[in-house]
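Chains, contacts and geometry: an overview
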Amino acid sequence: MVHNGPIVSILSYGGVFYTIGKKGEVYKWDKYDKGSTEKVFQYENWVFEDGIIGNDGKNVATIGSDGVIYLWDTNRWGSPYQLNQSGTSKIKTSFSSHQPSIYTGDSKGQIAVWNIKYQSVDILESMSSVTIQSLLENSDGNGIHYATNNGEICLYNFPKKRTWYCESSGMRGEQHLLQNNQGQILLSYNGYGDAVIWDKSLYSSSRFI
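Summarised in this report is the structure supplied together with it. The shown structure was predicted, so the numbers you read here are calculated from the model rather than taken from an experiment.

**Details of the sheet that holds strand S17 (residues 176-179)**
Read from one edge to the other, the open sheet built from 3 strands follows the order S17-S18-S19, with strand pairing classed as antiparallel. Edge positions in the sheet fall to S17 and strand S19 (195-199), since each of these pairs with one other strand and no more. Direction aside, neighbouring strands of the sheet carry axes that sit 20° apart on average. Relative to S19, strand S18 (residues 185-189) runs antiparallel, the two sharing 5 bridges. Paired with Ser-188 across the two strands is Val-196, which belongs to S19.

Rendered as structure tokens:
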């Protein structure tokens, strides 16, 4: 099978893979069923920029070039829920692994916590006049790390409802975040081959990156 244009994300859960096509396409690949492939969604008028999958594999979401989050239940493909926060653009996303939430950051420095069940925003916080480049939930589910276009890596604490700590990575512009399975190692990198490895706290109440 070939997408009708560029692939912007490859998502996996167990033996199932999803490929997200820029031209409004979602394909499902099942390695346990002889590598079968199924086009589960297509709408060419939508332009997808990125995609994510929930920690339990039950939800797939894509980000449209229009700033809308398109959300599916993987057991019921068809017309997706459309989560729209007015006035936002260049949204970055991350699924929570502790609660049914999607975290988003945008070009205006806003971080939002979306409730998947009700398709609504539970928390909306403005960090500053920066662009959120990447988001990553902290290990305990009580905070989120975010990277900004000015090179900072910050930890936002949900119970405290404020940014708890920031550290400069020295990388301005594009920046992405990953962490290891144990959650105490953070990797920040960009598209030019620069990478920084951080030691970080497992808990959002601790102040160190």
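**Points about the layout of surface pockets**
Roughly 1,100 Å³ of volume is contained in the largest pocket. In terms of lining, the largest pocket is formed by 41 residues, of which the most central are Gly-51, Ile-52, Thr-93, Ser-94 and Leu-135. Among the secondary structure elements, those contributing two or more residues to the lining of the largest pocket are strand S1 (7-13), strand S5 (48-53), strand S6 (59-64), strand S9 (92-95), strand S13 (132-137) and S17. Looking at the lining of the largest pocket, its residues break down into 13 nonpolar, 22 polar and 6 charged.

**Notes on the pattern of salt bridges**
Applying the stated criterion across every chain yields a total of 2 salt bridges. Taking the shortest distance from any N to any O, the salt bridge between Lys-22 and Glu-49 comes out at 3.1 Å. A residue pair is termed long-range when its members are at least 10 positions apart, and Lys-22 in the loop between strand S2 (16-21) and strand S3 (25-30) and Glu-49 in strand S5 qualify at 27 residues. One salt bridge in this structure joins Glu-25 and Lys-39, with 3.7 Å as the shortest N-O distance. Within this pair, whereas Glu-25 is found in strand S3, its partner Lys-39 is found in strand S4 (residues 36-42), the two being separated by 14 residues in sequence.

**So, the state of the cysteines**
Scanning the entire structure with this criterion turns up 1 disulfide. Bridging Cys-154 to Cys-166, the disulfide has an S-S length of 2.1 Å. As the torsion about the S-S bond is roughly 110°, the Cys-154-Cys-166 disulfide counts as right-handed. Of this pair, Cys-154 sits in strand S15 (residues 152-157) while Cys-166 is found in strand S16 (residues 162-168), placing the two residues 12 residues apart along the sequence. We classify Cys-154 as buried; its relative accessible area is 1%.

Each value, and the rule that gives it
- Residues numbered from 1 in each chain as written.
- Predicted model: local features only at pLDDT ≥ 70, side-chain atom pairs only at ≥ 80, totals over all residues.
- Heavy atoms only, no water.
- Pairing = 2+ DSSP bridges.
- Helix = DSSP H or I, 4+ residues; strand = E, 2+ residues; numbered from the N terminus.
- Axes fitted to C-alpha atoms, helices over the stretch in contact; angles between N-to-C directions.
- 1 Å grid on protein atoms, 1.4 Å probe; cavity = no way out; pocket = protein on both sides within 12 Å on 5 of 7 lines; lining within 4 Å.
- Points joined across faces, edges and corners; volume = space filled by probe spheres on them.
- Nonpolar A, V, L, I, M, F, W, Y, C, P; charged D, E, K, R; others polar.
- Salt bridge = Lys/Arg side-chain N within 4 Å of Asp/Glu carboxyl O.
- Disulfide = S-S within 2.5 Å.
- Buried < 20%, exposed > 50% of the residue type's maximum accessible area, 1.4 Å probe, protein only.

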